[in-house]
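Structure at a glance
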Amino acid sequence: MIVNTELEQKGNLFPSEITDYKKDVDTLSFTTKNNVVLQVTVVRDSVIRFRYATSGKFEKDFSYGVTIHASRGYNFLDVAEDKTHYIIKTSKLICKVEKLSLQVSLYDALDLKLINEDEIGFHWEESYEFGGDIVKMSKACQKSESFYGLGDKPVEVNLKGKRFENWATDSYAFGKNTDPIYKAIPFYTAIQDNKAYGIFFDNTFKTHFDFAHERRNVTSFWAQGGEMNYYFIYGPKMEDVVKNYTDLTGKPHTLPPLWALGFHQCKWSYYPESNVKEITKTFRDLKIPCDAIYLDIDYMDGFRCFTWDKKYFPDPKRMVKELEDDGFKTVVIIDPGIKIDLEYDVFKEGLDKDYFCKRADGPYMKGKVWPGECYFPDYTKPEVREWWSGLFQELIEDIGVKGVWNDMNEPAVMDVPNKSFPDDVRHDYDGNPCSHRKAHNIYGTQMARATYHGLKKYAYPKRPFVITRSAYSGAQRYTSTWMGDNVATWEHLAIANNQAQRMAMSGFSFAGSDIGGFAEQPQGELFARWIQLGVFHAFCRVHSSGDHGDQEPWVFGEEITDIVRKFVEIRYQLLPYLYTAFWNHIDKGTPILKSLVLFDQEDIHTHYRSDEFVYGEHILVCPILEPNAKGRRMYVPRGKWYNFWTDEVVKGGKEIWVDADLDNMPIFIKEGAVIPKYPVQQYVGEKKFDEVTLDVYYKHGKEKSQLYDDAHDGYDYKKGRYSLRNFKLTGKKKEFILQQHKEGTFDAAYTKFNIVLHNLPFTITSVQIDNVEVEVNQSKTSTSQSITVNKEFTELHLFGK
Ligand code: MIG
């Protein structure tokens, strides 16, 4: 098992029996007779770190993946010993370490049931070629166990029966099951017997995961170097596993500006300026909301980063300002490759200061990318990141660009078989010098990190917006992401759906696909179906490659244009809902998209569902993934749901047929939900409005909802200037109560809520607000009644007959 054929085989080595044990506050160390050390650190009651050294000594403890802001501390820790095991107890977990073999097993501290146990457990192979070890772990896999996560893998949501590799790779026109692609996120979550746990293998070398592929009762993971160093994260709720992993590797440091949650239009490439203006004008003329327009590599002078082609863009500052006056934020691409050109300032400075990556024997790492031969900054060096951040001053502070798009940062190199740097390239790795084998997977994240700090500094007091292609665990702290160069096919629409869900489960919610497909050209029908899905992803951008024709919402004819407008309008109406979900994401690590297994893990029907997902807390979405569809079968999770279009109530826990012509897709709202809606705007902040709609979906019983708000940009929210409205709904036969509790000091400009009550089972006879009977304007449709109230109510009480 887990053999590595590329490297010299010396055979597997194993720990022998424990001969020494030490405890130092939260860390226990077990040393074996053959000098293997296992360090067990209790990070939290439900998070335990396991770290192994094969010859007595650990490397310096350093991680790009784990954030210094991660919560630490536990309620309870006790270590006991019996004849065969050391037994470590926290309030959530019991961890047993076998004295003879160093094998680990983990149990739920409450019901004492087994959660996960080592099969062989830790073992290793010495690496003749590179030194160090190929470190391996194998765990027993239960029959009913399922696996999720692992970032951007383009496969079904459940990973069981498959094997994967993590090595960030430029993957133009990747396909279903292509592995690896752009990201390396060595985290998975598993569920078995209604208990979910997660494993984060924090190792930036090439890692591999096998989920009962090679042997059906074994799950294993291994790396080509570095330490066996993993975190075991216990739920038992999968959502808590994801939240704890996100806490460990970091939530986004800042909320995105609200405009970044709007619709984005991109192309490789819009140029010259007149072309850009034509596009933005058409959005406004056709009244399709849009907040961001992108400039791909052709805006630069010969693809030199931080320059402009003055022939195409004679006065970027003026153009960016004019676009902004029309509500468009300009986002520009910046790649890592710096053109070798002594006339070029950025290159000269990088060279003078010795900021570029070098080969093992000293020469610079030279590689061909868009500008021709390039050198590449070593973003794993703090000084280089600082320099890189500084390069954004002119673009952001002076020209007024609002967002930066980092591409090719796997790093990608053209015309070489491995599409990247050779292994021998040297990196600083924040003072832990190493080869590219160790730094490759983290390179893109460190570039995005430096970019983020540049934007943060020069956009101040506004919030930064960064998007990256490559990422390692933790990149979500700095940046949003897209899935790279997909293809305009129906299969890729399904892949995009799975990837966005899987990214959200892997702690990275601010993600989306190139809507419509990057390579090749979609038919109008596929484009419309893709828009319908894309408006329910946290990051929503149309992008495509220029060689395959136009891909603006209006190029497929009027019918498609109208459908696109209808769905983009829904996205803009739901902005306060998405913003609230984003707040929960940065505050608690809650994933913005929830695969059904994460939404309702008790229902085993959900464990193999891939298509349906829950957006935020209360909206169920199921994309149409086939041509010529008039609807589809889908699984509705347990509970009662309202059809978004008709208000018809369906009882879940089963598959149903849902009608969905091309201008429609299956969307359901959880009963009891309060869904906030803004009026349609052409861009965020276009309109001043005095009223926000609350769509209230009657439930016989209780349900909670939230509405987060703040200034939509800037940092005042970090000082308490936000408002979080907590709604509690109680529905009875002839009575209905909506309570509101507000936290925070922000006061939005609007004064009223238009409360639309769906399916109220009675006609309203009287209304009390905060215990006072009032006359209010009411209006009625066949399925809803609405009333307008002051937004600061604390209790709305309706009586009826
Ligand atoms: O070698 O900048 O994934 O989004 O439009 C292609 C041009 C380089 C790849 C990105 C794509 C972008 C394109 N880039």
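Parameters at a glance
Residues numbered from 1 in each chain as written. Predicted model: local features only at pLDDT ≥ 70, side-chain atom pairs only at ≥ 80, totals over all residues. Heavy atoms only, no water. Buried < 20%, exposed > 50% of the residue type's maximum accessible area, 1.4 Å probe, protein only. Helix = DSSP H or I, 4+ residues; strand = E, 2+ residues; numbered from the N terminus. Pairing = 2+ DSSP bridges. Arc of directions from axis to C-beta. Contact = heavy atoms within 4.5 Å. Patch = residues over 30% accessible without salt bridge, like charges linked within 9 Å, V, L, I, M, F, W, Y side chains within 5 Å. Areas by Shrake-Rupley, 256 points an atom, 1.4 Å probe, with all protein chains shown as cover. Salt bridge = Lys/Arg side-chain N within 4 Å of Asp/Glu carboxyl O. Lys, Arg positive; Asp, Glu negative; His and termini not counted. Charge placed at Lys NZ, Arg CZ, Asp CG, Glu CD. Near = heavy atom within 4 Å. Polar contact = N/O pair within 3.5 Å; in protein donor to acceptor, adjacent residues only side chain to side chain. Nonpolar A, V, L, I, M, F, W, Y, C, P; charged D, E, K, R; others polar. Axes fitted to C-alpha atoms, helices over the stretch in contact; angles between N-to-C directions. Core = buried A, V, L, I, M, F, W, Y, C linked by side-chain atoms within 4.5 Å. pLDDT = per-residue confidence, 0-100. Parallel < 35°, antiparallel > 145°, perpendicular 65-115°, else oblique. Phe/Tyr/Trp six-rings, centres within 6.5 Å; stacked < 30°, edge-to-face > 60°. Lys NZ or Arg CZ within 6 Å of the ring centre and 35° of its normal.

1. Describing the pairing of strand 47 (residues 752-758)
Most of strand 47 is tucked away, with 6 of its 7 residues classed as buried. In terms of strand pairing, strand 43 (residues 691-697) meets strand 47 through 7 bridges, oriented parallel. Residue pairing for strand 47: Thr-693 is matched across the bridge by Asn-754. Pairing of strand 47 with strand 51 (residues 784-790) involves 7 bridges; the strand directions are antiparallel. The residue bridging Val-756 from the neighbouring strand is Ser-786, located in strand 51.

2. Section: helix 3 (residues 316-325)
Within helix 3 the residues assigned to the buried category are Pro-316, Met-319, Val-320 and Leu-323. Here the buried residues of helix 3 occupy an arc of 95 degrees about the axis, which is enough to place them on one side. The secondary structure elements touched by the buried residues of helix 3 are helix 2 (273-286), strand 20 (292-295), strand 21 (329-334) and helix 6 (393-399). Immediately downstream of helix 3, the backbone of Gly-327 shows phi near 90 degrees, a positive value.

3. What about a positive patch on the surface?
Among the surface-exposed residues, Lys-702, Lys-704, Lys-728 and Lys-732 lie close enough to one another that they form a single positively charged patch. On the secondary structure map, Lys-702 appears in strand 44 (residues 701-709). Taking the relative accessible area as the measure of exposure, Lys-702 reaches 53% and is therefore exposed.

4. As for the pattern of salt bridges
Opposite charge on two side chains allows them to pair when their charged atoms are near. Evaluated as defined, the whole model comprises 62 salt bridges. Residue Glu-17 is joined to Lys-33 by a salt bridge in which the shortest nitrogen-to-oxygen separation is 3.9 Å. Of the two residues, Glu-17 sits in the segment before strand 1 (18-24) while Lys-33 sits in the loop between strand 2 (27-32) and strand 3 (37-44), which places them 16 residues apart along the sequence. Classification of Glu-17 by relative accessible area gives partly exposed; the value is 29%. What makes Lys-33 exposed here is its relative accessible area of 61%.

5. Comments concerning the site of the ligand
Every one of the 13 residues lining the ligand counts as a neighbour, but Asp-296, Asp-407, Arg-469, Asp-485 and His-543 are closest to it. Between an oxygen atom of the ligand and a side-chain N or O atom of Arg-469, the distance comes to 2.8 Å. At 2.8 Å, a side-chain N or O of His-543 approaches an oxygen atom of the ligand. Protein contacts shield 94% of the accessible area of the ligand, which totals 350 Å² for the unbound molecule. Per-class residue counts for the shell around the ligand are 8 nonpolar, 1 polar and 4 charged.

6. Re the sheet that holds strand 17 (residues 218-223)
Hydrogen bonds between backbone groups are what pair the strands of a sheet, and the pairing can be parallel or antiparallel. An order of 5-6-7-8-9-10-17-16-12 is seen for the 9 strands of this open sheet, with the pairing classed as antiparallel. The open sheet has two free edges, formed respectively by strand 5 (78-81) and strand 12 (163-166), since each of these has just one partner strand. The mean angle between the axes of side-by-side strands here comes to 15 degrees, regardless of whether they run parallel or antiparallel.

7. Things to note about the nonpolar core
With 193 residues, the main nonpolar core has Trp-388, Phe-536 and Ile-755 as its most contacted residues. Broken down by element, the residue count for this core peaks at 9 residues, all from helix 7 (residues 436-459). Setting aside its immediate chain neighbours within four residues, Trp-388 contacts Phe-306, Ile-334, Asp-335, Ile-338, Pro-377, Tyr-379, Met-447, Ala-450 and Thr-451. Residues Leu-38, Val-42, Phe-164 and Phe-209 belong to the second largest nonpolar core, which totals 44 residues.

8. Re helix 9 (residues 524-534)
In an α-helix, one turn spans 3.6 residues; hence positions three or four apart end up facing the same way. The element helix 9 is largely enclosed, with a buried count of 10 among its 11 residues. For helix 9, the complete set of buried residues consists of Gly-524, Leu-526, Phe-527, Ala-528, Arg-529, Trp-530, Ile-531, Gln-532, Leu-533 and Gly-534. Those residues of helix 9 that are buried lie in contact with helix 8 (490-505), strand 32 (514-515), strand 33 (541-542), helix 10 (558-573) and strand 35 (613-615).

9. Some thoughts on the confidence of the model for the chain
Per-residue pLDDT for the chain has a mean of 97; in total, 99% of the residues score no lower than 70. Confidence drops under a pLDDT of 50 for residues 4-9, and excluding neighbours within four residues, the segment shows 12 contacts in the predicted structure.

10. Overview of the packing of helix 8 against helix 9
Interaxial distance between helix 8 and helix 9 falls to 10 Å at its minimum, and their mutual angle equals 5 degrees. It follows that helix 8 is roughly parallel to helix 9 by the angle criterion. Residues Trp-490, His-492, Leu-493, Ala-496 and Asn-497 of helix 8 lie in contact with helix 9, whose contacting residues are Glu-525, Leu-526, Arg-529, Trp-530 and Leu-533.

11. Examining the packing of aromatic side chains
Enumeration over the complete set of coordinates arrives at 75 aromatic pairs. When the ring of Phe-62 is compared with that of Tyr-64, the centres are 4.8 Å apart and the planes differ by 85 degrees; the resulting orientation is edge-to-face. The buried category is assigned to Tyr-64, whose relative accessible area is 6%. For the pair Phe-356 and Tyr-364, a centre-to-centre distance of 6.4 Å together with 80 degrees between the ring planes defines the contact as edge-to-face. For Phe-356, a relative accessible area of 3% gives the class buried. One cation-aromatic arrangement involves Arg-541 over Trp-405; the distance from NZ or CZ to the ring centre is 4.7 Å. When the ring centre of Tyr-750 is taken as reference, the NZ or CZ atom of Lys-791 above it lies at 5.4 Å.

12. What to know about the environment of Asp-247
Relative to the helices and strands, Asp-247 resides in helix 1 (residues 238-249). Sequence separation between Asp-247 and Gly-431 is 184 residues, and the spatial gap between their C-alpha atoms is 25 Å. Beyond its immediate stretch of four places on either side in the chain, Asp-247 contacts Arg-44, Thr-67, Ala-70 and Ser-71. Here the side chain of Asp-247 touches Lys-251 through a polar contact of 3.2 Å, side chain to side chain.

13. A word on unusual backbone geometry
Keep in mind that most residues, glycine aside, have a negative phi and that most peptide bonds are trans. Cis rather than trans, the peptide bond between Asp-179 and Pro-180 has omega equal to -5 degrees. Note the cis peptide between Tyr-460 and Pro-461, where omega equals 10 degrees. Mapped onto the secondary structure, Pro-461 falls in the loop between helix 7 and strand 28 (466-468). Even without glycine at this site, Phe-306 takes up a positive phi of about 70 degrees. Relative to the helices and strands, Phe-306 resides in the loop between strand 20 and helix 3. One non-glycine residue, Asp-770, adopts positive backbone phi at about 45 degrees.

14. Considering the side chain of Arg-529
Of note, Arg-529 is situated in helix 9. Buried within the structure, Arg-529 lacks any salt-bridge partner; Glu-525 is the closest side chain of opposite charge, at an N-O distance of 4.9 Å. A distance of 3.5 Å separates a polar side-chain atom of Arg-529 from the backbone oxygen of Ala-629. In this view, Arg-529 contacts Trp-490, Leu-493, Ile-624, Ala-629, Ala-660, Asp-661, Leu-662 and Asn-664; residues no more than four positions away in its chain are not counted.

15. Quick look at the sheet that holds strand 45 (residues 723-731)
The strand order across the open sheet built from 6 strands is 44-45-46-52-48-49, with neighbouring strands paired in antiparallel fashion. Edge positions in the open sheet fall to strand 44 and strand 49 (772-774), since each of these has one partner strand only. Taken over all neighbouring pairs, the strand axes of this sheet differ in orientation by 20 degrees on average, direction set aside. With 9 bridges connecting them, strand 44 and strand 45 associate as antiparallel partners. Looking across to strand 45, one finds that Lys-704 is bridged to Lys-728. Each of strand 44 and strand 45 is contacted by helix 11 (residues 575-588), which is oriented at about 90 degrees to strand 44, the strand it contacts most.

16. Details of the packing of helix 9 against helix 10
The relative placement of two packed helices is expressed as an angle between their axes plus a distance between the axes. Following both chains from N to C, one finds helix 9 and helix 10 inclined at 5 degrees, their axes separated by 9 Å at the closest point. In this view, helix 9 runs roughly parallel relative to helix 10, as classed from their interaxial angle. Along the contact surface, helix 9 presents Gly-524, Glu-525, Phe-527, Ala-528, Ile-531, Gln-532 and Gly-534, while helix 10 presents Ile-560, Ile-563, Val-564, Phe-567, Val-568 and Arg-571. Here the contact of helix 9 with helix 10 is composed, by residue class, of 8 nonpolar, 3 polar and 2 charged.

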